[in-house]
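Spelled out, the chains give:
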Amino acid sequence: MLTGRFAPSPSGRMHLGNVFSALLAWLSVRNQGGRMLLRIEDLDPDRCRPEYAETLKRDLDWLGLDWDAEQTPQSRRTEAYRAEFDKLAALGLVYPCYCSRAELHAASAPHASDGTVVYAGTCRDLTPEQRAVKTRAPAWRVRVPDERITVHDGLQGLWQEDLARDCGDFIIRRSDGVYAYQLAVVADDGAMGVTQVVRGRDLLSSPPRQILLYRLLGYPVPEFGHAPLLLASDGRRLSKRDGDLGLASLRERYTPEEIVGKLAYLAGLNPGGGPRTPEALAQGFDWDAVPRQDIRLPEGLF
């Protein structure tokens, strides 16, 4: 059975862009008679709050975006992540990295096209003696192969990335002991039996790293669909700081059917832009209608 998921981070109230991704993920699953799962990605203890998670679930329910099962929040799955980390360690694929943030962002360091630092492997082959004199608490990186990873994305098409050249060995456990996003997501998708991942285009750099981890940990690789981002009318990306486009403000001005209908209009699924329920939209959902490029909000739509 097709199994999709919505995996929000409870670091504040959802904005329209979050709801847009959630709606597309939900419609894709319901159109194909699949299961929809909810996962609260609260790995970051400095930004995530339990009260935000509860508000988020109430907002999804208000919008009519239900789910069939909810996974234990990531903050309570440390043992599961440790077990996956230990599998990689047993394969000789992890090592401690003592580099500071300043060292990683040094001007001489290589950078990917999006500005992300490509790790140069500074700590990859340190000897036990060299590690013994280090005083920083290390992060832990996974060794990546020098090979091209192919991504089949339902919205963004076929593309490849050479992890060694375009990413480098990446962190799977932070220096404070928190397991990193890439490892946690793969462990969760594997445990939940996720077969389809729909999320925003801002996470388009993640699939190659996650595909590597799915394979190393013995999990099937899900289908990917990276949806266009919603942009404010001036072209900037939406964020949780955009009060007028957050759910708190929108709920005061619109019904759930009006919000869903307007978002469906932006997705090419509701030409008139009138009020619609998610259930009604699911019947005729078609990925071919959804734009591939980011979408600027028309003036006056919300």
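For the structure, check the block above.
Residues numbered from 1 in each chain as written. Predicted model: local features only at pLDDT ≥ 70, side-chain atom pairs only at ≥ 80, totals over all residues. Heavy atoms only, no water.

J.: Explain the environment of P8 here, please?
T.: By the secondary structure assignment, P8 is in the loop between β1 (3-6) and α1 (16-31). Exposure remark for P8: the relative accessible area of 8% places this residue in the buried category. In this structure, the C-alpha to C-alpha distance between P8 and N18, residues ten residues apart in sequence, is 7.8 Å. Discounting residues that sit within four places of it in the chain, P8 has contacts with L38, R39, I40, E41 and L56. (Helix = DSSP H or I, 4+ residues; strand = E, 2+ residues; numbered from the N terminus. Buried < 20%, exposed > 50% of the residue type's maximum accessible area, 1.4 Å probe, protein only. Contact = heavy atoms within 4.5 Å.)

J.: Is there a simple way to explain the side chain of D42 in this structure?
T.: Inspection of the secondary structure assignment puts D42 in the loop between β2 (35-38) and α2 (50-63). Here D42 occupies a buried position and makes no salt bridge, while the nearest side chain of opposite charge, R76, is found at 6.3 Å. When sequence neighbours within four positions are dropped, the list of residues in contact with D42 reads P10, C48, P73, Q74 and S75. (Lys, Arg positive; Asp, Glu negative; His and termini not counted. Salt bridge = Lys/Arg side-chain N within 4 Å of Asp/Glu carboxyl O.)

J.: Please clarify how the packing of aromatic side chains should be interpreted in this entry.
T.: The description of an aromatic ring pair uses the distance of the two centres, along with the angle that the planes make with each other. Here the structure, examined in full by the defined rule, presents five aromatic pairs. Between F85 and Y179 the ring centres are 6.0 Å apart and the planes differ by 65°, which places this aromatic pair in the edge-to-face class. Here F85, found in helix α3 (residues 78-90), pairs with Y179, found in the loop between β8 (170-173) and α7 (181-192); they are 94 residues apart in sequence, far enough to count as distant. Pair check on accessibility: F85 and Y179 agree, each one buried. Aromatic pair Y254 and F302: ring centres 5.9 Å apart, planes at 85°, arrangement edge-to-face. Of the two residues, Y254 sits in the loop between α9 (247-253) and α10 (256-266) while F302 sits in the segment after β12 (295-296), which places them 48 residues apart along the sequence. F302 carries the same exposure label as Y254, and that label is buried. By way of ring pairs, the aromatic residues Y81, F85, W140 and Y179 are connected into one cluster. (Phe/Tyr/Trp six-rings, centres within 6.5 Å; stacked < 30°, edge-to-face > 60°.)

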